[in-house]
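Listed below are the residues making up each chain.
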Amino acid sequence: MSAASLPPHTRTPPLTRPGCYSTVSQVAVHVPPGHQTGQDIEELLRVRDPDARVMPGLLRQMYGFEQRRVAPPGTWPSDLAAAAGRGALDQAGLLPDAVDLLIFASASEDVEEPATAHIVADKIGVTASAFDVKNACNGLLNAMEIADALIRTHQYRRVLICTGERGSLLSRQPRRSGNDLAEFLPACTLGDLGAALLMEAGDRPGVLGGHFRANSAGWRAATVSNPYFAPAPGTMTVRFDSAALAGSFQGMETAAFEGLRALGRTIDDIGLFCVHQPSVAFTHTIRDALGIPKDKVVHTFPQYGNVATASLPLQLVEATRQSRLRRGDLVALFGLASGAAAGMLLIEW
């Protein structure tokens, strides 16, 4: 299949002159010091709502959840993102003025206006252009897609992508009624984490291509309300309809197959497959649907919870720490997000 005949949502980098490819040169995470076990969270739910029937071990049985990381009180998403961003720059031996563009790509944010990217940039000391990208748990993957395009077209040479998730705060929001525990419970597995990727122009292909799709009719399955339009000022509602959310993703795993096929690759060519992890069962379902061997997936959900946009870089860091990822390996990043959206980027590490 020629590049000209590919469907519009499948993208492969054009042939270009040296120095016009994008590579992921650094990845870093910032792990908050606090943590909560599933037992801790279940007990808090019982205290807050004595009428709620929260069975011991419920979060483990339903989601495979063991614990999540929790940032100290007063920590903002920008704090976690800035810490991770500084870590990525330190690893590269670069100062903040080496960054040409900073993208903040998180499901969490400090404020409605301005873009949280400006707050992160200020905390790091970056004076370059900055903006936010937001698409639920797929925000970071979309930011990589944007950074790749901007680097390949010579708009920027070095892009720092940061995210800071404070998902644990959502589980502190009041439930709407005594009958909605099932739709609130997934929020109790959300964890806090900061992550950053440094993408740079290079002479060798790093980001090889990708494939993205959406089923926007499924947006109602998982929602966090805007506090400005909440029934009571300063409050928000959190709702996750797990069955409807899973249904909105039906068939989206084919995005990975189609993207790999367009790039002339198969699952067998991939050294590491990073999958967004909202639960252990969901990860297994995606792995089985794609036929991915167990040893090609790094499981992070049980010990960190669902860290939204930070899930994929966390897996890259864990794989490196475990000596399961080396330069030259092919890595497929597969993201899923409420909305519903799915995407795959193939990179040569």
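These figures come from a predicted structure and were not determined experimentally.

J.: Please provide a residue-by-residue account of the nonpolar core, values included.
T.: Of all hydrophobic cores here, the largest spans 32 residues; its most connected members are F273, F334, L336 and L346. Elements supplying a minimum of two residues to this core: strand 11 (238-240), helix 8 (254-262), strand 12 (272-275), helix 9 (280-290), strand 13 (330-337) and strand 14 (341-348). If one sorts the elements of this core by residue count, strand 13 sits on top with four residues. Every residue in contact with F273, bar those within four places of it in the chain, is listed here: A256, I267, L290, I292, K296, V297, Q315, A332 and F334. Grouped together as the second largest cluster of nonpolar side chains are 31 residues, L272, A319, L325 and I347 included.

J.: Hey, could you go over helix 3 (residues 77-92) for me, with residue numbers and the actual values?
T.: In this model helix 3 runs 23 Å from its N-terminal to its C-terminal C-alpha over 16 residues, within 8% of the 22 Å that 1.5 Å per residue would give. Turning to helix 3, its buried residues number three or more, namely P77, S78, L80, A81, A82, A84, G85, A88 and L89. Contact partners of the buried residues in helix 3: strand 2 (21-30), strand 5 (101-104), helix 4 (116-124), strand 7 (158-166) and strand 8 (192-202). Where helix 3 ends, the next residue or the one after it, G93, has phi of about 70°, a positive value.

J.: Give a detailed account of the pattern of salt bridges, specifying residues and quantitative values.
T.: Throughout the structure, instances matching the rule amount to ten salt bridges. The closest approach of N and O atoms between E348 and R204, which form a salt bridge, is 4.0 Å. Here the residue E348 occupies a position in strand 14, and R204 occupies one in the loop between strand 8 and strand 9 (207-214), the gap between them amounting to 144 residues. Its relative accessible area of 29% is what places E348 among the partly exposed residues. Across the salt bridge formed by E318 and R321, the nearest N and O atoms sit 2.8 Å from each other. Note that E318 and R321 are positioned in helix 11 (residues 311-321) at a spacing of three residues, about one turn of the helix. On the accessibility criterion, E318 (11% relative accessible area) is buried. According to the relative accessible area criterion, R321 is exposed, its value standing at 58%.

J.: Please set out the sheet that holds strand 5 residue by residue, giving values where relevant.
T.: The five strands lie next to each other as 2-8-7-5-6, forming an open sheet whose pairing is mixed. Strands at the two margins of the open sheet, each flanked by one partner only, are strand 2 and strand 6 (129-132). Looking at each pair of strands side by side, their axes are set apart by 20° on average, direction ignored. With four bridges joining them, strand 5 and strand 6 adopt parallel strand pairing. By the bridge assignment for strand 6, L101 is matched with S129. Helix 11 contacts strand 2 and strand 8 of the sheet and is inclined by roughly 85° relative to strand 2.

Each value, and the rule that gives it
Residues numbered from 1 in each chain as written. Predicted model: local features only at pLDDT ≥ 70, side-chain atom pairs only at ≥ 80, totals over all residues. Heavy atoms only, no water. Core = buried A, V, L, I, M, F, W, Y, C linked by side-chain atoms within 4.5 Å. Buried < 20%, exposed > 50% of the residue type's maximum accessible area, 1.4 Å probe, protein only. Helix = DSSP H or I, 4+ residues; strand = E, 2+ residues; numbered from the N terminus. Contact = heavy atoms within 4.5 Å. Expected span 1.5 Å × (residues − 1). Salt bridge = Lys/Arg side-chain N within 4 Å of Asp/Glu carboxyl O. Pairing = 2+ DSSP bridges. Axes fitted to C-alpha atoms, helices over the stretch in contact; angles between N-to-C directions.

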